[in-house]
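Each chain, written out:
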Amino acid sequence: MPIGEAFLSASLQVLFDKLASPLISELGKLQGVKYEIARLKRTLKRLKAMLHDAEQKVVEGVHFTLWLRELQTAAHAAEDVVDEFEYEALRRELNCRREGRHGVCGNYPIFSTSGRLGKLCSCLNPQTVSFRYKIAHQIDGIRRKLDEIAKEKRDLDVNVGFPREIQQSIETTALSADPQVLGREEVKNKLVKLLLRTAADVGYTSSLIQIVNGRYVIHDLLHDLGQSMLEHEYCRIGLAQVMKIPEDARSKIHLIVDDPKPPHETKMEVLYEFKSLRTLSFWFTGVPHIKVPIDLFYAVKCLRVLDLSYTSLGMLPNSIGCLKHLRYIDLRETDIECLPDSFCALYNLQTLKLEGCDKLNTLPKGMSNLVNLHYLEAKSEVVSKIAEIGRLRHLQYLEVFSISDENKNRIGDLKNMKELRGTLCIQNLERVVTREEAAEASLKNMQYLESLELQWADGQRITQERNDLADSIIEGLQPPQSLKKLTIKYYPGISFPSWSNINVSIPSFESQLPILSSLRTLNITGCWHLKELSHLPSALENLILQEVGLVVLPSSLHHLPLQQLVLRLALDLHELPLLPSTLRELAIEAVGLQSLPKFCRGCEISSAPSGSDTDAYKSSDCTEPALSILKIHACPHLTTLDDGMLKHHLKHLKVLSIKDCWYLEDWPEGGGFQSTFCSLDEELSIEWCPKLKGLPEGTKLHPSLKKLVVKGCPWVPDELMFSQVHNFDDVSVEKRYLNLEHSANGALRHILTVDLLAIVYLQEEEEEEEDDDERSFW
């Protein structure tokens, strides 16, 4: 056990820190166990000093190894006691918050010696006295055991040698690629620095943990190292072995039941024998039927980790609530339909995984008691029903916060949830009534948040009073400056707040304030009263505008480092300003454009923001547009493509899709368009543009075009096009002819091989006298 003492030292330090926490210190004063806690602290300090001394030397031998194991066992027992003490302190604080606000805790008065003591409910009731004697007795017993272990260490004949060197050869990109020779102290320091961090900090800072196919994996070297360190605590068995394992194995604290062919029904009663279990996990290849005995958790009260994922578990017994030490529970992909009310007593729980629990539609009412919860993975519609969710101040991920009087979730409750990160959607903002109430959320202090969605209810009755109120409320919802993505849906207001850099009257683009300076994506949806955007955040890369009443976009658009511009359902927008050459995707759907926009040429673009794709900024003079995807759909006023970006050579264009433009007639003229057309090698789709003329003479398709779709455009497919399609992988071209003879002389003679030929309709001879124009249309 070359570095076991280093980890033991770290464990003892964690215990020492817990004993020094304000919550335990205050409760210790009230319960009369202050003396025992002080003595335990002194013992822990002495043992840490002994371990530190051993780390400076090469200490070997069976006696020392046994001593370490004995110390480790005692340390675990001490941690259990301290944990229970901490749990009781937290339980009392929660009860006082809920019941003791007016001077009583349950049926007992609160001593108001100080504000802090009052909160902790100094109640001299029988239950309190019983807990005091119990915990004092346990601490005294642990302290005596640790003192004995310290004395044994002094009596040992310790062999002192020279520091050894440990050679590591790492063969993975996750760790250092070069062999390293590290001293004993270096190895100890590196590993101890890593248990002391959080399953997230280690992964992010050291790249020791990687995600593969949705699961966390580590290198074999680290796996073997962990197993060697836990060899006396860890046990992995199959179900068939459970009854056969030796008696000494029942003291293991980490148990994994692993069976590739589990029986139809798993018997768990044998687990009663594993009294010291801290980890219980089931790893099955199949999906066994698991039924947890109602009293199992009374027998394994020390559990920290419980993994029942990917089983057919239907329910948890009420005894789950007695697992005071539980930190992690995984119930993913189970058949569980509800959690018992006792689940809400797991005050130390940090991770709860409920993904794929399709039968679970609600959570217990007291979920806000789980104040140490960091990770909650469940359906957003389930999480949004949690009452008083703002009390979960350590929660790091919350997809949806729904403002609700029924669940007592007010916008101001978000002020305590400063650790939120990733994506947050705030729903039902129409229920906020003042700017001051909105400002209580203190969104600007959520420094870890990357994406924010502000959502009002769709279809609400719009009045001038509501418009003015919405303008005021959004002003109070200022997000953090580091925000990267902002989505605003169904906003009934007519102007944007000062913090957004939108609609700000400023002399020039360069003088914009650095508010939301990190914003990369802006999504505005369902804001029909929004008529104008004067300016936009200077680092913006993705702009998505849907269902808006816009009539103009800012003329400074070409200064932005835009890579994506999506315009959908903006029928009052008839013209677009110059676009930046950095743009890679342009999607226009149901927009009132009369002609396509042009790219800016010979102008300067803002410097590429840190963390951006710098390839888009290599050409700062805007002479070479980077556009690769162009989609033009359902533009009723667009009659020609001969005025705009397609007249020029877009050599990076890979996808061109034109659909439902019923009055579009003309293609661009000139060599620039011919070159652009020949560059398309991913997709060309031209659909339901009945007036669009055939392609200009000499137009050639890319010889390796992957997808070609032409339908509802009677003039576009011609013999020249058909003569080029035989090399393509995915072709769907419609062409209507008067009869089979015309078809044979037209398209069919140019097609060498086809996978599918559909002859939908052939006219009778008497129908051939119809008007030529009408016939040729189809």
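Residues numbered from 1 in each chain as written. Predicted model: local features only at pLDDT ≥ 70, side-chain atom pairs only at ≥ 80, totals over all residues. Heavy atoms only, no water.

Applicable threshold: UniProt positions are given in the numbering used here, feature names are shortened, and annotations may be inferred rather than shown by experiment.
Under the annotation held in an unreviewed UniProt entry, the protein carries the name Rx N-terminal domain-containing protein and is attributed to Colocasia esculenta. What UniProt records for the protein under Sequence similarities (unreviewed entry) is the sentence "Belongs to the disease resistance NB-LRR family."

## A look at the overall build of the protein
Inclusion rule: Elements are defined by DSSP. Helices are runs of H or I of four residues or more, strands are runs of E of two residues or more, and each kind is numbered from the N terminus. The buried label goes to any residue with under 20% of its type's maximum accessible area, the exposed label to any with over 50%, and the partly exposed label to all in between, with areas taken from a 1.4 Å probe on protein chains only. Accessible surface area values rest on a Shrake-Rupley calculation with a 1.4 Å probe, where residue burial reflects the displayed protein chains alone.
Of regular secondary structure, the protein possesses 17 helices and 28 strands. Relative to its 778 residues, the protein shows a buried fraction of 49%. Carbon and sulfur atoms make up 50% of the accessible area of the protein, which totals about 38400 Å².

## Structural notes on the packing of aromatic side chains
Under the convention used in this document: Classification of ring pairs rests on two measures: the distance between centres of Phe, Tyr or Trp rings, Trp counted by its six-membered ring, which must be within 6.5 Å, and the angle between planes, read as stacked under 30 degrees, edge-to-face over 60 and tilted in between. Two limits define a charge over a ring: the Lys NZ or Arg CZ must be within 6 Å of the ring centre, and within 35 degrees of the ring normal.
For the structure shown, the criterion picks out six aromatic pairs. An angle of 25 degrees between the planes, with centres 4.9 Å apart, marks the rings of Y87 and Y347 as stacked. Like Y87, the residue Y347 is buried in the burial classification. Ring plane angle 25 degrees and centroid distance 6.0 Å describe the contact between Y375 and Y397, whose orientation is recorded as stacked. Taken together, the residues span a long stretch of sequence, with Y375 in strand β15 (residues 375-377) and Y397 in the loop between α11 (380-383) and β16 (400-402) at a distance of 22 residues. Lying over the aromatic face of Y448, R421 brings its terminal NZ or CZ to 4.4 Å of the ring centre.

## Structural notes on the pairing of strand β21 (residues 542-546)
Using the following cut-off: Any two strands between which DSSP finds at least two bridges are classified as paired.
Counting buried positions along β21 yields five of five residues, so the element is predominantly enclosed. Burial along β21 is two-sided: N542, I544 and Q546 facing one way and L543 and L545 facing the other are all buried. Two strands pair when backbone bridges link them, and strand β20 (residues 521-525) and β21 are joined in this way by five bridges, in the parallel orientation. Residue pairing in the sheet places N523 in a bridge with I544 of β21. Sheet analysis places β21 next to strand β22 (residues 564-570), joined by five bridges and oriented parallel. If you follow L543 over to β22, its bridge partner there is L565.

## As for the pairing of strand β19 (residues 485-489)
Within a regular strand, side chains alternate between the sheet's two faces. Inspection of the sheet shows strand β18 (residues 449-455) paired to β19 by five bridges, in the parallel sense. Residue pairing in the sheet places L452 in a bridge with L486 of β19. Pairing geometry for β19 and β20, over five bridges, is parallel. Bridging across to β20, L486 finds its partner in L522.

## Details of the pattern of salt bridges
Put simply, the rule is: By convention in these notes, a salt bridge is any Lys or Arg side-chain nitrogen within 4 Å of a carboxyl oxygen on Asp or Glu.
The full count for this structure, using the stated rule, is 25 salt bridges. Note that D330 is salt-bridged to R332, the shortest N-O span being 2.7 Å. The class for D330 is buried, based on a relative accessible area of 0%. A relative accessible area of 18% places R332 in the buried class.

## Description of helix α14 (residues 671-679)
To keep it simple, the criterion reads: Read the arc as the range of directions from the helix axis to the C-beta atoms. Residues count as neighbours in contact if any of their non-hydrogen atoms are within 4.5 Å of one another.
Within the sequence span of α14, burial applies to G672, F673, T676, F677 and S679. Taken down its axis, α14 places every buried residue within 155 degrees of arc, on the same side. If you follow the buried residues of α14, they end up packed against β25 (655-659) and β26 (683-687).

## Concerning the nonpolar core
The nonpolar side chains of soluble globular proteins are, as a tendency, buried together. Convention followed: Residue types Ala, Val, Leu, Ile, Met, Phe, Trp, Tyr and Cys, when buried and joined through side-chain atoms within 4.5 Å, form a set referred to as a nonpolar core. For the domain bounds, the source is a domain assignment made automatically or taken from a database.
If you look at the biggest cluster of nonpolar residues, it comprises 140 residues, and the most contacted ones within it are F297, L316, F343 and I426. For this core, the domains that each give at least three residues are domain 2 (219-386) and domain 3 (586-591 + 625-754). Apart from the residues lying within four places of it in its own chain, the contact partners of L316 are F297, L308, I329, L331, I336, L339, P340 and F343. Membership of the second largest hydrophobic core comes to 30 residues, among which are L15, M50, I139 and L146.

## Regarding a nonpolar patch on the surface
The line we're drawing: Each patch is assembled from residues with relative accessible area greater than 30% and no salt bridge, linking like charges that lie within 9 Å and nonpolar side chains (Val, Leu, Ile, Met, Phe, Trp, Tyr) that lie within 5 Å.
The grouping of W662, Y663 and W688 at the surface amounts to a nonpolar patch, some 340 Å² of accessible area in total. The topology assignment puts W662 in the loop between β25 and α14.

## Structural notes on the side chain of D140
Structurally, D140 is set in helix α6 (residues 126-155). Aside from chain neighbours lying at most four places away, what touches D140 is E36 and R39.

## Points about the side chain of E86
Inspection of the secondary structure assignment puts E86 in helix α4 (residues 62-99). Among the residues examined, E86 registers a relative accessible area of 19% and is labelled buried.

## Some points on the environment of L579
Among the structural elements, L579 can be located in the loop between β22 and β23 (585-591). L579 sits in the buried class, given a relative accessible area of 0%. Note: C-alpha distance between L579 and P561 (18 residues apart in sequence) is 9.9 Å. The contacts of L579, once residues within four sequence positions are left out, are L557, H558, L565, L586, P597, K598, F599, C600 and M645.

## Digging into the environment of K706
Note on placement: K706 falls in the loop between β26 and β27 (707-711). Between the C-alpha atom of K706 and that of L684, which follows or precedes it by 22 residues, the distance is 8.6 Å. Among residues more than four places away in sequence, those in contact with K706 are D681, E682, D729 and D730.

## So, a negative patch on the surface
Inclusion rule: Charge counting treats Lys and Arg as positive and Asp and Glu as negative, with His and both chain ends excluded. Note that the charge is assigned to NZ on lysines, CZ on arginines, CG on aspartates and CD on glutamates.
On the surface, a cluster of negative charge is made up of E333, E355, D358 and E399. Inspection of the secondary structure assignment puts E399 in the loop between α11 and β16. The exposure class assigned to E399 is exposed, which follows from its relative accessible area of 54%.

## Notes on unusual backbone geometry
For N428, which is not glycine, the phi dihedral falls at a positive 65 degrees. Secondary-structure assignment places N428 in the loop between β17 (422-427) and α12 (435-439). Residue class for N428 comes out buried when judged on its relative accessible area of 18%. Here the phi dihedral of A634 falls at roughly 55 degrees; this positive angle occurs in a residue that is not glycine.

## Considering the confidence of the model for the protein
We count it as follows: Confidence of the predictor in every single residue is expressed as pLDDT, which spans 0 to 100.
Residue-level pLDDT values for the protein average 77, and 70% of them are 70 or greater. Between residues 101-123, whose pLDDT stays under 50, and residues either more than four places distant or in other chains, the model counts 48 contacts. Overall, residues 503-514 carries pLDDT values under 50, and its contacts beyond four positions in sequence, including any with other chains, amount to 25 contacts.

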